Amino acid sequence: MNNIAVASDHGGYDLKTEIIGYLKEMGYAYRDFGCYDKKAVHYPDYAYKVSQAITEKEFECGILICGTGIGMSIAANKVKGIRASLCHDSFSARMTREHNDSNVLTMGGRVIGIGLAKDIVKTWLNTEFSQESRHIVRLQKIDKIYNNC
Ligand code: RB5
């Protein structure tokens, strides 16, 4: 995946700065939707900005970072078409792309270190959805049951 919408709240700001440096180094296209300093902000505002940019097809996927990654995940998953996954290990990052076709990765800047976070990002961005019919059926069920489509 490429063309990544990135955002954090104050709790995720430091890790986001590191991840943006990593995306630059790896040559990915991205946009930073804020926040732009460590002043306290509200994570749902940033989860919404990134989620909207993805559902409007301006960006292919997103990375959202708050203190725990939990608030960003809860908020982003409220947006129809968003499949946000909180990952603090590389196995989950790979599986959520292969099985869930996750389009938003969330992480907690107060939970994991930079080295692991970079590996999670790299794994998540480089893993394709499996396209296996059992997973497609399950994703269609999510849309039908929860999104009424
Ligand atoms: C902010 O203090 C913190 O609550 C937020 O970053 C996040 O961890 C919420 O889930």
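Everything numeric in this text was worked out from a predicted model, so none of it was measured.

Before going further, it helps to examine the overall build of the chain. The helix and strand inventory of the chain stands at six helices and five strands. Order of helices (α) and strands (β) in the chain, N terminus to C terminus: β-α-β-α-β-α-β-α-β-α-α. The C-alpha atoms of the chain give a radius of gyration of 14 Å, which matches the 15 Å a tight globule of 149 residues would have. Its C-alpha atoms put the chain at 40 × 25 × 25 Å along the principal axes. The buried share of the chain, taken over its 149 residues, is 45%. For the chain, contacts bridging at least 24 residues in sequence account for 69% of all contacts bridging at least 6. Approximately 7700 Å² of the chain is accessible, and the part contributed by carbon and sulfur atoms is 50%.

This next bit is on the packing of aromatic side chains. If you walk through the whole model with that rule in mind, you get one aromatic pair. When the ring of Phe 33 is compared with that of Phe 59, the centres are 5.6 Å apart and the planes differ by 80°; the resulting orientation is edge-to-face. Here Phe 59 lies in the loop between α2 (43-55) and β3 (61-66) and Phe 33 lies in the loop between β2 (30-32) and α2, a separation of 26 residues in the sequence. Relative accessible area serves as the criterion here: at 7%, Phe 59 is assigned to the buried category.

This brings us to the pairing of strand β5 (residues 104-108). Of all five residues making up β5, five are buried, and the element is well covered by its neighbours. Where burial is concerned, the two faces of β5 agree: the one with Val 104, Thr 106 and Gly 108 and the one with Leu 105 and Met 107 are both buried. Bridge analysis of β3 against β5 gives five bridges, and the strand direction is parallel. Counted as the bridge partner of Ile 63 is Leu 105 from β5.

Inspection of the region around the ligand gives Asp 9, His 10, Tyr 43, Cys 66, Gly 67, Thr 68, Gly 71 and Arg 110 as its neighbouring residues. Burial of the ligand by the protein chains amounts to 71% of its free accessible area of 290 Å². In terms of residue class, the shell around the ligand is built from two nonpolar, four polar and two charged.

Definitions and cut-offs
Residues numbered from 1 in each chain as written. Predicted model: local features only at pLDDT ≥ 70, side-chain atom pairs only at ≥ 80, totals over all residues. Heavy atoms only, no water. Helix = DSSP H or I, 4+ residues; strand = E, 2+ residues; numbered from the N terminus. Rg over C-alpha atoms; globule rule 2.2 N^0.38 Å. Buried < 20%, exposed > 50% of the residue type's maximum accessible area, 1.4 Å probe, protein only. Contact = heavy atoms within 4.5 Å. Areas by Shrake-Rupley, 256 points an atom, 1.4 Å probe, with all protein chains shown as cover. Phe/Tyr/Trp six-rings, centres within 6.5 Å; stacked < 30°, edge-to-face > 60°. Pairing = 2+ DSSP bridges. Near = heavy atom within 4 Å. Nonpolar A, V, L, I, M, F, W, Y, C, P; charged D, E, K, R; others polar.

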